[in-house]
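# Structure assessment
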Amino acid sequence: MIRNVVVGRVRPGTDPALVQQALDAIVALPVDGLLDVRVGLDAGLRPGAWSFAITSDFADAEAYRVYDAEAEHNRIRREMFDPVCEEIVRVQFEA
C-alpha cells in the first residue's frame, strides 16, 4: 500500500470555505485503487501549524501514479489549490 500525505499552507486572509471546497473536490474524485482518503483543516491546537492535510491510501504505486496524472485531479490542484496556497508539500511512502 502507498500512503500519500499532503500538507498545505494557505495565504493570509484566505477564506477557509475555499480551502474546504478544494478538499471536498479531492474527496469526491472517483479513483480506481484508492482505498481511503481523509482531509481536514488544521484544528488550531498549536501555533505555526500548516493549514490543511490530505492523506490518501492507494493499493499500490501504480494506482498512485494514475491518480497523480489524472486530469480532474490536476485541474483541482491548478484551479482550486494553487490560487490560495503559499506552499504545498507531499510525501509518499509504503505503509
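Below, the structure is looked at part by part. (Residues numbered from 1 in each chain as written. Predicted model: local features only at pLDDT ≥ 70, side-chain atom pairs only at ≥ 80, totals over all residues. Heavy atoms only, no water.)

## Some remarks on the packing of aromatic side chains
The tally for this structure, following the rule as stated, stands at 4 aromatic pairs. Look at Phe58 and Tyr67: their rings are 4.9 Å apart centre to centre, the planes differ by 45°, and that puts the pair in the tilted class. The two residues Phe58 and Tyr67 agree in class, both being buried. Centre to centre, the rings of Tyr64 and Tyr67 are 6.5 Å apart; their planes meet at 50°, and the pair counts as tilted. On the criterion of helical spacing, the pair formed by Tyr64 and Tyr67 is a turn pair, its members being 3 residues apart in helix α2 (residues 61-69). An aromatic cluster of at least three residues, connected via ring pairs, comprises Phe58, Tyr64 and Tyr67. The ring of Trp50 carries Arg9 above its face, with NZ or CZ at 3.9 Å from the centroid. (Phe/Tyr/Trp six-rings, centres within 6.5 Å; stacked < 30°, edge-to-face > 60°. Buried < 20%, exposed > 50% of the residue type's maximum accessible area, 1.4 Å probe, protein only. Helix = DSSP H or I, 4+ residues; strand = E, 2+ residues; numbered from the N terminus. Lys NZ or Arg CZ within 6 Å of the ring centre and 35° of its normal.)

## So, the layout of surface pockets
Reported here for the largest pocket is a volume of approximately 160 Å³. What lines the largest pocket is a set of 14 residues, and nearest its centre among them are Val6, Ile54, His73, Arg77 and Arg90. Elements with a minimum of two residues in the lining of the largest pocket: β1 (2-10), β3 (52-58), α2, α3 (71-81) and β4 (85-94). In the lining of the largest pocket, the residues fall into 8 nonpolar, 2 polar and 4 charged. (1 Å grid on protein atoms, 1.4 Å probe; cavity = no way out; pocket = protein on both sides within 12 Å on 5 of 7 lines; lining within 4 Å. Points joined across faces, edges and corners; volume = space filled by probe spheres on them. Nonpolar A, V, L, I, M, F, W, Y, C, P; charged D, E, K, R; others polar.)

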